[in-house]
Amino acid sequence: MFVSYKWLSQYVDIADQSPEELAEKITRAGIEVEGVDMPASDMKGIVVGYVQSREQHPNADKLSKCMVDVGEEEPVQIICGAKNVDAGQYVAVARTGAVLPGNFKIKRAKLRGEESNGMICSLSELGIESRLNPKEYAEGIFNFPNDVTPGEDALAALNRDDAILELSLTPNRSDALSMIGVAYEVAAILGRSVTIPQPNPAEGNEHAAEAVQIRIDAPEDNPVYIGRVVKNVQVGPSPLWMQTLLMNAGVRPHNNVVDITNYVLMEYGQPLHAFDLDRVGTGEIVVRRAEEGETFVTLDDAERTLSADQLVITNGKEPIALAGVMGGANSEVHAGTVNVLIESAYFDGQIVRAASKAHGLRSEASARFEKGVDPARVKAACDRAAQLMAELAGGTVLAGSVVAGEYAPEPKKVSITLDRLNTRLGTDLQMGGVEDIFSRLQFQTETNGDEITVTVPTRRGDITIPEDLTEEVARLYGYDHIPLTLPEGESLPGGLSPYQLGRRTARRYLEGAGFYQAVTYSLTSEKRATQFALEVRKPVALAMPMSEERAFLRESLLPHLMEVASYNSARQMGSASLYETGAVYLNEGENVQPKEEERIAGIVTGLWQEHVWQGEKKPADFFAVKGVIEGLAARFGLTDRLSFEQAGPEGFHPGRTASVLLDRQPIGVVGQLHPALAKEVDLKEAYMFELKLDVLLQAAREELSYTAIPRFPSISRDIALVVDRAVKAAELEGIIKEAGGSLLTNVHVFDVYEGERMEEGKKSVAFALTYVNPDKTLTDEEVTAVHEKVLTALKEKANADLRT
Amino acid sequence: MEEQLKQLQEEAVKKAAAAQDLKELNDIRVAYLGKKGPVTEVLKGMGKLSAEERPKMGALVNVVREAITTAIETKQSSLEAEAIQKQLAEESVDVTLPGRPVKLGGHHPLTRVTEEIEDLFIGMGYTIAEGPEVEQDYYNFEALNLPKGHPARDMQDTFYITPELLLRTHTSPVQVRTMLKHAGKGPVKIICPGKVYRRDSDDATHSHQFNQIEGLVVGENIRMSDLKGTLDAFAKRMFGEDREIRLRPSFFPFTEPSVEVDVSCMCGGKGCSICKGTGWIEVLGAGMVHPNVLEMAGFDSTVYSGFAFGMGQERIAMLKYGIDDIRHFYTNDMRFLKQFSVHE
Ligand SMILES: [Zn+2]
């Protein structure tokens, strides 16, 4: 909403407030002023000129040589390129030395050999957007109506010396979608009175009811419709003051009849429509729901197909307007219009919203109906427009209004006690102060002991409950005056849940292992949505995505991590370790919330370790990343419950990928990105993992218990086994553990050899075994007995021989 | 004999002093003081001496032995010291060469900001509530006083999956779910961090995915002044003790009264490019929980009141670290991420 300072000053005394001061006060009281535009601030030296003569420039077809009276003794010669310049026009002249917006300085110049002492200006050149220029001047220079004098300040004549406040309105404050509404607000802030026009059009003898009859067939959607008839108007430009104020309010001037409806719309916030009564044809107005599939041409010359959830104004036969949205081409006011029907009505917000949405037509009018207009202004706005048409378009207002329906809702009464007000705000206000605030808002109040009852004018439809009164008091009392306190009463111990703590631990662990945390988008393409997923389901799709790239919810964190690694690799950040924690979304069926599982995933590319000058370079490999997972499991005390199994999920290197299991249930994957895929995204070797963080953390939620440090020495035995190449180390380890029993406290691989010194198809795996008895010192014999059992089991179950 | 001893001493001391290494020194010790050495020989020959000469001679032998031992020990320590010196000299390194790098990782700046805010409110007695990102229309809008067709729904352009399912546009549905869990009994004191989504085209200041932290306190006597005091404490700890807050009336369907909260700019009110010359930076939206929201969540609004607030981690991180483009958070350029692993 653009508010002209000059226009506003018609209703409330703001002479002592600079536009900036006023803007700050309005903002602090609740309506944000986004900016204050002072168009004249970057212009000077522009005066009214009278074009005494115009002749063709001798050397240029498209230029005119004009003698212009600028209020001085001698006229000045100006060369003008506008097509529409002519003798007898009053125009805006930027004199030599003038400055136009954009610091454009006007200098004396010679154009094709002819001297030019200034420039005749278009409205765009004076800083008015061309979409707001009256159509006839949009392509050329502006002509003043005859009521100006050469030499006078053209910027003042055009109301360019105004200040325009841009209000950013929240949806509840539609009351401020009018000059009068803003005036009430400003008056409340400043504690001043409001002067509202009291329209009282002079009426002719003929009765409006004889010229038109109005019937509402859809009273739910349209409780009241008021028509006034103005006959014998002369359609022409509206006066300069009205055109310029409209442009300052962001409305394009058309002709006096249309401008008046727009002016009153901006003034009262009540949308009006003017029909050419003769083109309506039937002398009848019927408001009804559109028929399904009915067609109608709106005044922008577009044919609209209507539906039954839209409301139309008809002449009893066919639609002549889409109610509250746009008029029809068939009944539009035009240059030859003589008799006008002014429509002022209350249309239901929902039905206007539906129609404006369906046809993509949002207008000043529809926006106001959608948010709800003040029913108390329907009649006054109609009268105001009729009066202005009589005054400015020379028409005769027919006697009386034609009124169909009735809509005069009682103003709401809302009560609140002083105690409730103070306890909600934390203030210590007195009743007198509260009454004063409501009187500044021009709300009537009645005080009964501790309770105040406020009669809320219909213009403030946003106030319905006691809390709304609290807000009015708070904002006008000033939030700066509310003290600073902290909640009293029962205090709670704050903290992270064990799960949240575990998540932080997991993140810190990975960061300690050299991983940087990435955060990527949850939305992705169809292809990426299921890529690398531990569990592939039909991906959850957006109903109306903004792009194919962001149309589905991801089922794995890895695709985007792969893209991040690729992005960094392309920027010479060759070695990268990145991880992410976040949800994946698993479809549970139509209209059911997907299952959101929290995952932790990582990717490693390039070098795992590097020490340049010592020549140490360890590229990342499967075991580097597997080690990270084992460390994470160890961090949560899950080492013994974790295992790995060779796996071949799609997208991974078939020989270098494992499924990660917790208590033998799969919880993730670790492996090398398939080289073919890596090539697609310009990555060399990349290793990735993804784990079900939620499962991991749930499993980890056990109390830590301490086991005594063994007091007796341990005995170590190393064994090198020769087995078939296909035998997995984990298998051997399992056999050893089982056979070793309780004395065996540790077993780990310390060497693997698959080279030429081995028999074909065989490999050697060496284990270190540690035996301890917590209760006494082990004897060699005891260890040997167990160790023999281990070797026997290995031979029996894995055909493992001791390497000699 | 006395002469002979003196000469022995002189000779041994001289040799010890001249010894080149520990082995040579040891040879000298063996040669002079060993079982077959001359000093021992002298002692053996003492039997031939008279009774009065004997103690005199014994004392002299001891003096000589002492002197030789001292000379050898002195030399030994100096040789040992030399050896250590030599070893140390050989072992010295160029300390200006780079050390073996320890791989460092780090938090994403959004996590950093989130945890900082979480910890700050945990210190004030809050717990952290989380909830689903794909929400039902009911929890995201209707239970927050935003029935279907409400014009204020336009304030949050939404990604719908079906007419009833959507990507949450704020973390407020977590507040609703938490209140329902409390079944009408206070107090509730939570913050709700998480990802949220809106139908915005990604550019320098907009992102279709971003993060929010919302807070909610419901109790029997929660006042607007409590909201102000809480946010003042937050601003001071998050941005600095010298910061102030300012409340401006605003509108959110789920709070009444509603306010926007500005924090004073680090320029100290002089005006700068960050605050666009106003001295204030808009950081939070807040308000007193709307009675309809309390009632829908099972709380008696005549007994209970509450406040709620919400802020965006991206915006806070951008302000705190001077980041100029919101897309950086989701591009994950290592050169960007690495800057946030520093402890402050
Ligand atoms: Zn500043």
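Residues numbered from 1 in each chain as written. Chains lettered and ligands numbered in written order. Predicted model: local features only at pLDDT ≥ 70, side-chain atom pairs only at ≥ 80, totals over all residues. Heavy atoms only, no water.

**Q** Would you mind going over the environment of A:Gly648 with me for this structure?
**A** Relative to the helices and strands, A:Gly648 is located in the loop between strand 35 (642-646) and strand 36 (652-662). Overall, the relative accessible area of 64% leaves A:Gly648 in the exposed class. (Helix = DSSP H or I, 4+ residues; strand = E, 2+ residues; numbered from the N terminus. Buried < 20%, exposed > 50% of the residue type's maximum accessible area, 1.4 Å probe, protein only.)

**Q** How do you make sense of the coordination of the zinc ion when you look at a structure like this?
**A** Around a metal, the perfect tetrahedron of four donors has angles of 109.5 degrees, and the perfect octahedron of six donors has angles of 90 or 180 degrees. All names here are of chain B. Surrounding the zinc ion are the protein donor atoms Cys265 (SG), Cys267 (SG), Cys272 (SG) and Cys275 (SG), at 2.2 to 2.3 Å. Here the zinc ion is ringed by four donor atoms whose angles at the metal span 100 to 116°, and the overall shape comes out tetrahedral. Between the donor residues of the zinc ion, the gaps in sequence give the motif C-x1-C-x4-C-x2-C. Taking relative accessible area as the criterion, Cys265 reaches 3% and is therefore assigned buried. (Donors = N, O, S within 2.8 Å, 3.2 Å for Na, K, Ca; no water. Tetrahedral: all angles 85-135°; square planar, octahedral: opposite > 155°, others 65-115°.)

**Q** For this particular structure, what's the right way to read helix 12 (residues 378-393) of chain A?
**A** Think of an α-helix as turning once every 3.6 residues; residues three or four places apart then point the same way. Residue and element names in this part refer to chain A. For helix 12, which comprises 16 residues, the first-to-last C-alpha distance of 22 Å matches the rise-based estimate of 22 Å (1.5 Å per residue) to within 8%. Residues of helix 12 that are buried include every one of Val378, Ala381, Cys382, Asp383, Arg384, Ala385, Ala386, Gln387, Leu388, Met389 and Ala393, and no others. Looking at the buried side of helix 12, the elements it contacts are strand 14 (224-231), helix 7 (240-248), helix 8 (256-268), strand 15 (272-276), strand 22 (340-346) and strand 23 (396-399). Gly394 sits one or two positions beyond helix 12 and adopts a positive phi of about 65°. (Expected span 1.5 Å × (residues − 1). Contact = heavy atoms within 4.5 Å.)

**Q** Just checking my understanding: could you explain the interface of chain B and chain A for this structure?
**A** For interface size, the figure often reported is the accessible area lost on association. Each side of the interface is counted separately: chain B has 90 residues, and chain A has 92 residues. For the chain B and chain A pair, buried surface summed over both sides reaches about 7,700 Å², with 54% attributable to carbon and sulfur atoms. The largest contributions to the chain B side of the interface with chain A come from B:Lys103, B:Pro249 and B:Met334, which together make up 9% of the buried area. Linking chain B with chain A are nine salt bridges. As a salt-bridge pair, A:Arg504 and B:Asp119 come within 2.9 Å of each other at their nearest N and O atoms. The tally of links from chain B across to chain A stands at 48 residue pairs in polar contact (both at pLDDT 80 or more). Broken down by element, the side of chain B that touches chain A gets its largest block of residues, seven residues, from helix 8 (residues 224-239) of chain B. (Buried area = accessible area lost by both parts, 1.4 Å probe. Salt bridge = Lys/Arg side-chain N within 4 Å of Asp/Glu carboxyl O. Polar contact = N/O pair within 3.5 Å; in protein donor to acceptor, adjacent residues only side chain to side chain.)

**Q** Quick question: what am I supposed to make of the domain arrangement of chain A here?
**A** Residues and elements named next belong to chain A. Entries for chain A in the domain assignment read domain 1 (2-38 + 163-190), domain 2 (40-157), domain 3 (203-405), domain 4 (414-481), domain 5 (498-698) and domain 6 (715-802). One C-alpha centre belongs to domain 1, the other to domain 3, and the line joining them spans 27 Å. The interface of domain 1 with domain 3 comprises 14 residues on the first partner and 13 residues on the second. Both sides of the domain 1 and domain 3 interface together cover about 1,200 Å² of buried area, and 61% of this is carbon and sulfur. The three residues of domain 1 that bury the most area against domain 3 are Trp7, Leu177 and Ile180, which together make up 45% of that side's buried surface. At the surface where domain 1 touches domain 3, the tally comes to zero salt bridges. Applying the counting criterion to the domain 1 and domain 3 interface returns seven residue pairs in polar contact (both at pLDDT 80 or more). (Domains from an automatic or database assignment.)

**Q** What exactly am I supposed to notice about unusual backbone geometry here?
**A** Among all residues except glycine, the phi angle is most often negative; among peptide bonds, the trans geometry is most common. B:Pro187 follows B:Gly186 through a cis peptide bond whose omega is -5°. One can find B:Pro187 in the loop between helix 7 (172-182) and strand 5 (188-197). Omega for the peptide link from B:Glu256 to B:Pro257 comes to -5°, which places this bond in the cis form. Tracing the sequence through the fold places B:Pro257 in strand 8 (residues 255-264). One non-glycine residue, A:Arg112, adopts positive backbone phi at about 50°. Examined against the element boundaries, A:Arg112 turns out to sit in the loop between strand 8 (109-111) and strand 9 (114-116). Given the relative accessible area of 56%, A:Arg112 is considered exposed. Phi is positive for A:Asp663, which is not a glycine, with a value near 50°.

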